[in-house]
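Report on the structure
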Amino acid sequence: MLTFIVQPCFFETLFCPIASLLELNKRNTRVKKYLAHVVVILSATVLSAQGSPSFAADAKLTVPTSPSVPFGGAVKQSEASSGGNQASEQVQPLKEKHSGIALTLAGGGARGAAHIGVLKVLEAEGIRPDFIAGSSIGAMIGGLYAAGVPVKEIERLALSGELKKAYFPNNRKLQTALYFGPYFLARGLLIHPQIGLYSGESIAKFVAKHLPQGVTKLEDMPIPFAAAAVDLTTTKSVWLSKGSIADAIRASNSAPGFYRPVKVGEQVLVDGGVRTNLPTEIAEAQGAPAVVAVRLQAYLEKVDQKQYDTIMDYGDRVSSIFLSEIENKASDKANVLIEPKVAWMHMSSFDREKLKGAIEAGEIAARKALPKIRALQSEHVAATTAF
């Protein structure tokens, strides 16, 4: 999930009333002192509650600096894709290729509920991916499934509101009001406050809580899995495939503005959607015979201006265009594209009925793609039995 936030507007919303009172009461020292105390107390309360580090605590992940590390570590996309088949040589190929399918799941916030519908159809058809790669919400849904969480349980978590609570543990409007005012005040006092509305800890805790017993590390997952993230220090994409499942999914979902970056050694990781919203290159590097990619921003249509006349709607619209372009470039590496019609949803809208609509859209799109997937599987079977 990647949504931009125009911070100055929140600053004005919170502080203009206070500024007006100060202007009207320039001669009233008591009012000025009272309001100043309110702001300082509010700032101290929020900032102390967030903790002292500017970033999230070091995650239990392995992000090697060498691009030649085999699968089980991580490979930076821009290095791995610098030429030819270099990426495939740097990542160990899959040992088992039962279905011949590698599944990649795009980011897109609440629209990612469509991934649940796709997985339901594939499972009903007996198609079990040999490998799953996900970015942002794609890492959340794909990661839980690869870890062994039944798709029906993932659907329940989404529709019950538990998934929404993981992303937004507190009311967003209240959290915004409590964050940006103290943030700008702290910056004015040369203090380095936390970065992000939320810490992101709720995402990691949610994942850890619902993982099957005994499955906590990426390398232990029943279905091989990798989560896409971006390192702010190098600006490169990173493939997370070793270490804590919860921390990897948290890093891949750390949307700038909403969540604090996740620090891993010298690297600072944020949402994979910044550069790799549809991580087909990861799946390709695994050596899977066929890559099936699920896009979430494939059907952006013309809308009335009134539909993006608020900051959140505006950010959602701009982010959708941005993510759609990233997906377009990654689509070339997919053998089959599954494109649920979910662009009508806001990425931050986790309303139950809308989520149900997205799941249904995923099912429809997956069924439409089944003939192509079956054809690829037949080719895979023919190729493997020929030797």
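Remember, predicted model here, so these are calculated numbers, not experimental data.

Focus: the overall build of the protein
Secondary structure summary: the protein contains 14 helices and eight strands in total. Counting the 387 residues in the protein, one finds 52% classified as buried. For the protein, contacts bridging at least 24 residues in sequence account for 80% of all contacts bridging at least 6. About 17,900 Å² of surface is accessible on the protein, with carbon and sulfur atoms providing 56% of the total.

Some details on the environment of Ala147
The topology assignment puts Ala147 in helix H6 (residues 137–147). In the structure, Ala147 is positioned 75 residues away from Pro222 in sequence and 5.9 Å away in space, judged by C-alpha atoms. Those residues in contact with Ala147, other than ones at most four positions away along the chain, are Leu211, Pro212, Val215, Met221, Pro222 and Ile245.

Considerations on helix H10 (residues 201–210)
When we look at burial in H10, the residues that qualify are Ser202, Ile203, Ala204, Phe206, Val207 and His210. Packing partners of the buried residues in H10 comprise H6, helix H7 (151–159), helix H8 (162–167) and helix H11 (245–252).

Structural notes on unusual backbone geometry
Despite not being glycine, Ser136 shows a phi value in the positive range, around 60°. For Ser136, the location among the structural elements is in the loop between strand E2 (131–135) and H6. Unusually for a residue other than glycine, Thr235 sits at a positive phi of about 70°. Its location among the elements puts Thr235 in the loop between strand E3 (225–231) and strand E4 (237–240). Among the residues examined, Thr235 registers a relative accessible area of 46% and is labelled partly exposed.

Some details on the environment of Thr104
Along the chain, Thr104 falls in strand E1 (residues 101–105). Between the C-alpha atom of Thr104 and that of Val294, which follows or precedes it by 190 residues, the distance is 6.2 Å. Other than its neighbours up to four places away in sequence, Thr104 contacts Ala133, Leu278, Pro279, Thr280, Ala283, Val291, Val292, Ala293 and Val294.

What about the pairing of E4?
Covered by surrounding structure in E4 are Ser237 and Trp239 together with Val238 and Leu240, the residues of both alternating faces. Judged from the four bridges that link them, E3 and E4 form a sheet pairing that is antiparallel. Counted as the bridge partner of Ala228 is Trp239 from E4. Hairpin connection, E3 to E4: the antiparallel pair is bridged by five residues, and Thr235 has positive phi, about 70°.

Brief notes about the side chain of Asp271
Looking at where Asp271 falls in the secondary structure, it is placed in strand E6 (residues 267–271). For Asp271, which is buried and forms no salt bridge, the nearest opposite charge comes from Arg250, at a distance of 12 Å. Of note is the side chain of Asp271, whose polar atom sits 2.9 Å from the side chain of Ser136. Engagement of the side chain of Asp271 in a polar contact is seen with the backbone nitrogen of Gly273, the distance being 2.6 Å.

Here's the deal with the packing of H10 against H11
For the pair H10 and H11, interaxial distance at closest approach is 8 Å and the crossing angle is 140°. Regarding the angle of H10 to H11, the classification is oblique. In this structure, the crossing between H10 and H11 has a hand that is right-handed. Contacts from Glu201, Ile203, Ala204, Val207 and Ala208 in H10 reach Ile245, Ala246, Asp247, Ile249 and Arg250 in H11. Here the contact of H10 with H11 is built from residues that sort into seven nonpolar, no polar and three charged.

A short note on the environment of Ile203
Secondary-structure assignment places Ile203 in helix H10. Relative accessible area serves as the criterion here: at 0%, Ile203 is assigned to the buried category. Sequence separation between Ile203 and Tyr167 is 36 residues; the distance between their C-alpha atoms is 6.0 Å. Other than its neighbours up to four places away in sequence, Ile203 contacts Met140, Ala166, Tyr167, Arg250, Asn253 and Tyr259.

A short note on the pattern of salt bridges
As enumerated under the stated definition, the model contains ten salt bridges in all. Where Arg156 meets Glu153, a salt bridge forms, and the shortest distance between an N and an O atom there is 2.9 Å. With Arg156 and Glu153 both in helix H7 and three residues apart, this pair spans about one turn of that helix. Residue class for Arg156 comes out partly exposed when judged on its relative accessible area of 38%. Looking at Glu153, the relative accessible area reads 26%, which means it is partly exposed.

Re the pairing of strand E7 (residues 290–294)
Burial runs high along E7: five of the five residues are buried. Because side chains alternate across E7, one face comprises the buried residues Ala290, Val292 and Val294, and the other comprises Val291 and Ala293, equally buried. Examined bridge by bridge, E1 and E7 share five bridges and lie parallel to one another. The residue of E7 that forms the bridge with Thr104 is Ala293. Of the strand pairs in this sheet, E7 and strand E8 (residues 336–338) are connected by three bridges, and their pairing is parallel. Looking across to E8, one finds that Val294 is bridged to Ile338.

Rules used throughout
What you see as residue numbers is a count from 1 along each chain, following the sequence as written. It should be noted that, the model being predicted, local features are given only for residues of pLDDT at least 70 and side-chain atom pairs only at 80 or more, the latter also being counted only at that level, while totals for whole chains, interfaces and linings use all residues. Calculated side-chain values reflect all of the structure's heavy atoms, with hydrogen atoms and water omitted. Going along the chain from the N terminus, every DSSP run of H or I of four or more residues is numbered as a helix, and every run of E of two or more is numbered as a strand. Under the scheme applied here, a residue whose accessible area is under 20% of the maximum for its type counts as buried, over 50% as exposed, and between as partly exposed, the area being computed with a 1.4 Å probe on protein chains only. Here, residues are in contact when the closest pair of their heavy atoms is within 4.5 Å. In this description, accessible areas are obtained by the Shrake-Rupley approach with a 1.4 Å probe, and a residue is regarded as covered only by the protein chains that are shown. Here, any two strands with at least 2 DSSP bridges between them count as paired. Under the convention used here, Asp and Glu are negative, Lys and Arg are positive, and both His and the chain ends fall outside the count. Each reported salt bridge corresponds to a side-chain nitrogen of Lys or Arg within 4 Å of a carboxyl oxygen of Asp or Glu. Side-chain atoms alone can form a polar contact between residues adjacent in sequence; in general such a contact is a pair of N or O atoms within 3.5 Å, and within protein one must be able to donate a hydrogen while the other accepts it. Under this scheme, a helix contributes an axis fitted over its contacting stretch, all axes are lines through C-alpha atoms, and angles between N-to-C directions fall in the 0 to 180 degree range. Note that the term roughly parallel is reserved for angles under 35 degrees, roughly antiparallel for angles over 145, roughly perpendicular for angles of 65 to 115, and oblique for everything else. Here a crossing is called left-handed whenever its near helix is offset anticlockwise from the far helix by less than a right angle, and right-handed whenever the offset is clockwise. Residues are grouped as follows: Ala, Val, Leu, Ile, Met, Phe, Trp, Tyr, Cys and Pro are nonpolar; Asp, Glu, Lys and Arg are charged; every other residue, Gly included, is polar.

Any functional reading would require information beyond the geometric quantities listed.
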